[in-house]
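Survey of secondary and tertiary structure
Here is what each chain is made of, one letter per residue.
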Amino acid sequence: MTNRYSNGGTSYDEEEVTADKSYIAEDPTIQKDDMYNEEEYLAEVGEMNCYCVPTRVSGMKDFMFRTLGWTILNKEQILAAFTAAFTQIPEAVTGALIAGVSPALALQSTWLMNVFTALIGGRPGMITGTTPFIGIALAELVQNNGVEYVYYAVMFAGLLQFVFGLLGLGALMRFVPYPVVQGFSNAMALYIVAAQFRFGKVAPDKTFLNEFQGRNLLEAGHSWSHITDGNTSWITGSHLNILAIHTCVAFAICLGLPKLTRIIPSSFVALVVCTFVEHVFIRTPFTFRSATIEDYVTVKTPTLMPIWLDENITLPSFNLDTFRKTYLYGLAVFGTGLCESLLATHIVDELTEIKGSKNRVAIGQGIANIVASIFGGMGGSGSIAQSLVANHSDGITNLSTFLTGVFVLLFVYAAYGMVNIIPLGAIAGIMAWAAFQLVDWESILQAISTLLPLCLRDRLNLDCKTPRADSLIMLAVMAFTLCLDLSIGLLSGVLIATFVYVWDSSTRVIVEREVHSEEISNVTYNVTGPLFFATAEGFSDIFPLEEIQFDPDEVVINLEGAEVYDYSGMVALKKVYDRFADLGKVVALSSISLTSRRLMEKTAYMWQGVNFLEVEEGDQQTIDQSTVTRDYK
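Residues numbered from 1 in each chain as written. Predicted model: local features only at pLDDT ≥ 70, side-chain atom pairs only at ≥ 80, totals over all residues. Heavy atoms only, no water.

Regarding the side chain of Asp349
Examined against the element boundaries, Asp349 turns out to sit in helix H13 (residues 320–352). Separated by 3.0 Å, the side chain of Asp349 and the backbone nitrogen of Gly356 make a polar contact. In contact with Asp349, not counting residues within four places along its chain, are Arg123, Ile354, Lys355, Gly356 and Lys358. (Helix = DSSP H or I, 4+ residues; strand = E, 2+ residues; numbered from the N terminus. Polar contact = N/O pair within 3.5 Å; in protein donor to acceptor, adjacent residues only side chain to side chain. Contact = heavy atoms within 4.5 Å.)

And the structure:
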């Protein structure tokens, strides 16, 4: 709002600044037409270039106003990134411990990948960094050859991810059935909850650092190996009680606060409250205490320079022998990281109802992994748990991802003292809340309904039963993901779903025999269903010589309801045609669909001498009209 004032012969304009409107003070040296449109600017949440868009900043006053407006507008993005950065540090450190490398490699990768995926163009709102699955993929390489080979393996994985996205192969995600996504979501929720139990073995006296440095957890059932490990003991007494209290308080705040207000992210409030209670109401008046991040890991400042210039790193020569030692683990990082990133993208898409580009995510992840490995990182992928924390705190833009990397950078290089005082119970509570949000509760109810008989489902009023095969796929993905590996779980789910679909489709070929009473010399076989490799043999068996030899002399095979999908289907159709022709009958193929005809034309030699019954134009119009009517209904 602008008011004009006058003082003698001089007049000037003054702009009124409000908290929810745009604001720029009038600068007499700048033309009004050159000023940016404040309302248009303020509508862009997550803008990372506010000093140059839509115009360049002019003067200190303009700089201050833009900074204030940007901060107010993006407070949710800032606080969500702040919280996600806190929760990501223990997660990244766990990945490093699993791989048997220094946590500095994981922290270096985490902030670099967040920054570069946000700048290059990853999925808005998706947090990236080192995850335990990446540590699992690299653990054997570190154990057999040393940490120096990790950088080459991650570079190779990043290059493959970049090529994957560049070739547009992200479209392959459409072959992942929804039960696989449900199983993956539920498995990740259980994995996140199980991972928090590792804090139950962290005493607040830094003994964990000496006992578990470089620990290797690679084995079947890695998701809960830290729970069943008999070589380590659980904390007891007040330490465990306070840890449990922090976890419950953080979970309750994250779950209940959004129902009251969303001005401040609930996960950020949980961190602040638990930290305040720990250091003011527990440690100050009493001698009790619980473990903090400082007791779990010592945040050491990594060296920010290319690995070829770092004197502390002895790189092996890049030759064929080095490639042989690293390429399998690079493929493992490529597969694991890509699966986790693309599935994380799918989950974030479901949360925000905005579709992200799978190819763009793959390209961003590939470049970020290459950059991270060059600067001494161990690589990473999309982090589902931290993405959920950020998204449920309204961090839904690339700005949130970028700031998460910036905050991790600040925590590692400057403000690690702030990180060290966070209670592990607060982290566990926030992650448990993220797991609670990740579980697909409807799929659990569907699986239960599948196991119950009809009488019990009616009595319990359960009307959400899905095919047993879909429930089997979901449970198989959960089992393989938790017991073996993420990529194995995903691949097994897709293979089981493919087998179920092929098996089900192989039973859907129907042939109806129609004899015209007026013309005894004519018989029509109406074929319905798909003709492909799984139905080819069964389709041929429907026409045994013992029966078709008594058919009339004129035979029409009507393919109006059928579709030929591959060479096996064509061979089966030609075999049936030749079987009739060898008996001296006049055979014709009728009403072939356009897509089947295009496929058959590519092997025209096979159909030489075959009779095709063409449908007249008037009849074709009638058929087309009836087809449209059926589709409409």
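Still more to cover.
A closer look at unusual backbone geometry
Of note in this structure, Asp394 is not a glycine but carries a positive phi near 70°. The partly exposed category is assigned to Asp394, whose relative accessible area is 25%. You will see that Ser591, though not glycine, has its phi angle at about 55°, which is positive. Mapped onto the elements of the fold, Ser591 is located in the loop between strand S8 (586–590) and helix H26 (594–601). (Buried < 20%, exposed > 50% of the residue type's maximum accessible area, 1.4 Å probe, protein only.)

Concerning the packing of aromatic side chains
All chains considered together, the criterion is met by 21 aromatic pairs. Judged by centre distance (5.7 Å) and plane angle (45°), the rings of Tyr525 and Phe580 are tilted. Of this pair, Tyr525 sits in strand S6 (residues 522–531) while Phe580 sits in helix H25 (residues 567–582), and the two are 55 residues apart along the sequence. With respect to burial, Tyr525 and Phe580 carry one shared label: buried. Here the aromatic cluster, defined as three or more aromatic residues joined through ring pairs, consists of Phe82, Phe86, Phe268, Phe407 and Phe411. (Phe/Tyr/Trp six-rings, centres within 6.5 Å; stacked < 30°, edge-to-face > 60°.)

Describing the environment of Ala137
As for its placement among the helices and strands, Ala137 is situated in helix H5 (residues 132–145). Ala137 sits in the buried class, given a relative accessible area of 11%. Setting aside residues up to four positions removed in sequence, Ala137 forms contacts with Tyr329, Ala332, Val333 and Thr336.

Points about the pattern of salt bridges
Taken as a whole, this structure holds nine salt bridges when the rule is applied. In this structure, the salt-bridge partner of Arg198 is Glu91, at a minimum N-O distance of 3.7 Å. Highlighted residues: Arg198 in the loop between helix H7 (178–196) and helix H8 (207–212) and Glu91 in helix H3 (residues 75–99), separated in sequence by 107 residues. On the basis of relative accessible area, Glu91 is assigned to the buried category, the value being 8%. Between Lys358 and Asp349 there is a salt bridge, with its nearest N and O atoms 3.6 Å apart. Judged on exposure class, the residue Lys358 and its partner Asp349 are both buried. Because the salt bridges share partners, they merge into one network encompassing Arg123, Asp349 and Lys358. (Salt bridge = Lys/Arg side-chain N within 4 Å of Asp/Glu carboxyl O.)

Some points on the packing of H13 against helix H15 (residues 384–392)
Their axes nearest at 10 Å, the elements H13 and H15 cross at an angle of 20°. Considering their axes alone, H13 and H15 lie roughly parallel with respect to each other. Crossing of H13 over H15 shows right-handed handedness. When H13 is examined against H15, the residues Glu340, Ala344, Ile347, Val348, Leu351 and Thr352 are found in contact with a partner set consisting of Ile384, Ser387, Leu388, Asn391 and His392. Looking at the contact of H13 with H15, its residues break down into six nonpolar, four polar and one charged. (Axes fitted to C-alpha atoms, helices over the stretch in contact; angles between N-to-C directions. Parallel < 35°, antiparallel > 145°, perpendicular 65-115°, else oblique. Left-handed = near helix turned anticlockwise from the far one by under 90°. Nonpolar A, V, L, I, M, F, W, Y, C, P; charged D, E, K, R; others polar.)

Describing helix H4 (residues 103–120)
In an α-helix, one turn spans 3.6 residues; hence positions three or four apart end up facing the same way. Given a rise of 1.5 Å per residue, 18 residues ought to cover 26 Å, and the 26 Å separating the end C-alpha atoms of H4 matches this to within 8%. Counting buried positions along H4 gives 15 out of 18 residues, so the element sits mostly inside the fold. Where H4 terminates, the next one or two residues include Gly121, which has phi positive at roughly 125°. (Expected span 1.5 Å × (residues − 1).)

What about the packing of H13 against helix H14 (residues 358–374)?
Packing of H13 against H14 leaves a shortest axis separation of 10 Å and a crossing angle of 135°. Here H13 lies oblique to H14, going by the angle between them. Between H13 and H14 lies a crossing of right-handed hand. Every residue of H14 that contacts H13 at Leu338, Ser341, Leu342, Thr345 and Asp349 is listed here: Lys358, Val361, Ala362 and Gln365. Partitioned by chemical class, the residues of the contact of H13 with H14 number four nonpolar, three polar and two charged.

Some points on the pairing of S6
Consecutive side chains along a regular strand alternate between the two faces of the sheet. Counted residue by residue, S6 has nine buried out of 10 residues, so it is predominantly covered. The pairing of strand S5 (residues 510–515) with S6 spans six bridges and is antiparallel. Along S6, the bridge assignment pairs Glu512 with Asn526. (Pairing = 2+ DSSP bridges.)

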